[in-house]
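Letter by letter, the chains look like this.
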Amino acid sequence: MVEDIIIDVVGSFSDGKTTLVRALTSESTLRHSEERKRGITIRLGYAHFMLYKCVKCASFSRNSKCEVCGGEAIEQRRVSIIDSPGHKTLMTIMLSGAALASGAILVIAANQKCPQPQTLEHLETLKIMGVKNLVVAQTKVDVIGKERAKENKAEIEAFMKSNGFEGIKIIPVFSIHDVNIVELLQEVGRFSAPKASSKEELSFLVVRSFDVNKPGTPIKELGGGVLGGALKNGGLKVGDKITIYPGVFLRNVWEPLKTKVVQIQSEFGSEKEIHGGLTVGVKTSLDPSITRRDGLAGSLATFADKPPILKSKINIMYSSLTEREKTMFKKPLQKNEIVLINVLASKVLGTVFSVSGDKVAIIMNNNAQIPCYNGDKAVISRKLDNVWVLSGSGLIYD
Ligand code: ZN
């Protein structure tokens, strides 16, 4: 059976992330643009490819002819790559992406000393999100000498080790000439795919939402609103009735939205039924004006009988990224401090209500409510020189 897996490719803009992704997905880029024309493909996943496994030597390839031995290779897993913006101010967006990913490729350029501040922040994010499957692609090895490349590798090794990622493979790649991309594929092939969970536990994280109708479409011909995201739990199929939380804010209360799944589209085509590990666009029977311009981004869709808890206040066991708090923030988390909270797909501003040891209570601002379950993880960012900077995380216990 073909498995689905979402991976994150993280690294600075200048570190060669784009050319690497292009090398990984060379076979699928054309089809990708075709899918895009159909309109409902989620704009969160920006690249994807099929990973084939060789019948003879068990190596992973990008096509049905094994890139290692030339033998016959069969479809093994559908890989969706999530776009993780490399720019610092966009880091908080990456948090919702990382919540969906099972593994990551960390791109580090060899022509700079490791770690650069952004590389550290990316690795800390992966750590916070609990991403265990990881491989480092060392880029730009061609622009430096052999000695320096070796030194850089040692720097990366020390950096990974000091962050609890000892033994992670570091693969020097030369994307433009397709050097070592196959080696990288072997690692991605070994990443553990999400386990299928029972269908009853449905939780679909809505990361984007949109209206795919062209302006001026007659009302009778309007297609329903589209939810972009991925499953965290359970399965979803065309025809399912789902409820979206917190829903819409009407007359001072949140009203959950009930709707029906009309169509499911992934980057690979039309899907009848999906499980985790795939970014999809789900067309619903909702009025498209509700989903327009990310109107429902941050929501959680479940079956009506398994609603999440809607929280206007969360209690967490907070643990800070120690090094960062010491070097960047002058004080620990303060009462009345405004923080940015990421839980599942939601991203909400809140105010620290109390701090007592590790126990931190935060109240959401602007009547916001977070749909989640006790035990979910809240990621906290604090403001530093007008930029949100990741500071720590904690499990929600109440
Ligand atoms: Zn082979």
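Quick notes on the rules
- Sequence order as written defines residue numbering, which begins from 1 separately in each chain.
- Local features are withheld for residues below a pLDDT of 70 in this predicted model, meaning they are given only at 70 or higher, and side-chain atom pairs are given and counted only at 80 or more; totals for whole chains, interfaces and linings count all residues.
- Each side-chain value is worked out from all heavy atoms of the structure, with water and hydrogens disregarded.
- For the purposes of this entry, the term helix denotes a DSSP run of H or I that reaches at least four residues, the term strand denotes a run of E that reaches at least two, and both are numbered from the N terminus.
- A simple rule labels every residue: compare its accessible area, found with a 1.4 Å probe on the protein chains alone, to the largest value its type can have, and call it buried under 20%, exposed over 50%, or partly exposed in between.
- By definition, residues are in contact when any of their heavy atoms lie within 4.5 Å.
- All accessible-area figures derive from a Shrake-Rupley calculation using a 1.4 Å probe, and residue coverage is judged against the displayed protein chains alone.
- Salt bridge, as used here: a side-chain nitrogen of Lys or Arg that lies within 4 Å of a carboxyl oxygen of Asp or Glu.
- Between any two strands, at least two bridges found by DSSP are needed for them to pair.
- A helix is expected to span 1.5 Å for every residue after the first.
- Arc definition: it is the arc formed by the directions from the helix axis to the C-beta atoms.
- pLDDT runs from 0 to 100 and stands for how confident the predictor is about each residue.
- Each metal's donors comprise the N, O and S atoms found within 2.8 Å of it (within 3.2 Å for Na, K or Ca). Water is not part of the atom list, so some coordination spheres may appear incomplete.
- Note on geometry labels: four donors, all angles 85 to 135 degrees, give tetrahedral; four donors become square planar and six octahedral when opposite donors are over 155 degrees apart and every other angle is between 65 and 115; remaining cases are irregular.
- Only buried residues count toward a nonpolar core. Its members are Ala, Val, Leu, Ile, Met, Phe, Trp, Tyr and Cys residues joined through side-chain atoms within 4.5 Å.

For the chain, the helix and strand inventory stands at eight helices and 24 strands. Buried residues in the chain amount to 53% of all 398 residues. Contacts in the chain between residues far apart in sequence, at least 24 positions, make up 72% of those at least 6 positions apart. Total accessible area computed for the chain in this model is approximately 18300 Å², and 52% of it derives from carbon and sulfur atoms.

What follows concerns the pattern of salt bridges. With the rule as written, the count across this model stands at 14 salt bridges. The salt bridge partner of R148 is E151, with a shortest N-O separation of 3.3 Å. Here R148 pairs with E151, and both are found in helix α5 (residues 146–162), just three residues apart, close to one helical turn. The shortest N-O distance in the salt bridge between E187 and K169 comes to 3.6 Å. With E187 in helix α6 (residues 181–190) and K169 in the loop between α5 and β7 (170–172), this pair connects stretches of sequence that are 18 residues apart.

The element strand β1 (residues 3–10) is largely enclosed, with a buried count of seven among its eight residues. As defined by bridge partners, β1 adjoins strand β5 (residues 103–109) across four bridges and the pair is classed as parallel. Following the sheet pairing, D8 is matched in β5 by A104.

A few words on α5. Because an α-helix completes one turn every 3.6 residues, residues spaced three or four positions apart along the sequence face the same direction. Here α5 contains 17 residues, and its C-alpha end-to-end distance of 25 Å stays within 8% of the 24 Å for a straight helix at 1.5 Å per residue. Among the residues of α5, those classed as buried are A149, N152, E155, I156, F159 and M160. Taken around the axis of α5, the buried residues stretch over an arc of 130°, which confines them to a single face. Turned more than 90 degrees away from the buried face of α5, the exposed residues are K146, E147, K150, K161 and S162. Taken together, the buried residues of α5 touch β5, α4 (117–128), β6 (133–139) and β7. One or two positions beyond α5, positive phi appears at G164, with a value near 85°.

Confidence in the prediction for the chain averages 88 pLDDT; 90% of positions are at 70 or higher. Here residues 27–32 scores under 50 on pLDDT; set against residues more than four positions off or in separate chains, the count is eleven contacts.

Taken together, C54 (SG), C57 (SG), C66 (SG) and C69 (SG) make up the full set of protein donors to the zinc ion, lying 2.2 to 2.4 Å away. Its four donor atoms give the zinc ion angles of 103 to 114° at the centre, a pattern that matches the tetrahedral case. In primary-sequence terms, the residues that donate to the zinc ion follow C-x2-C-x8-C-x2-C. Residue C57 is classed as partly exposed on the basis of its relative accessible area, which comes to 33%.

Formed by 28 residues in total, the largest nonpolar core has its most connected members in I314, I316, I341, V343, I362, A378 and I380. For this core, the secondary-structure elements that each account for two or more residues are β8 (203–210), β18 (313–320), β19 (338–343), β20 (346–356), β21 (359–364), β22 (370–372) and β23 (377–384). Discounting chain neighbours no more than four positions away, the residues touching I362 are S312, K313, I314, I316, V339, I341, G350, T351, V352, F353 and I380. Core analysis: the second largest hydrophobic core is formed by 24 residues, V79, I105, V135 and L184 among them.

In this model, C114 is joined to P115 through a cis peptide bond whose omega is 5°. Note that P115 resides in the loop between β5 and α4. Here the bond from Y245 into P246 is cis, since omega is -5°, no more than 30 degrees from zero. Within the secondary structure, P246 is located in strand β11 (residues 241–250).

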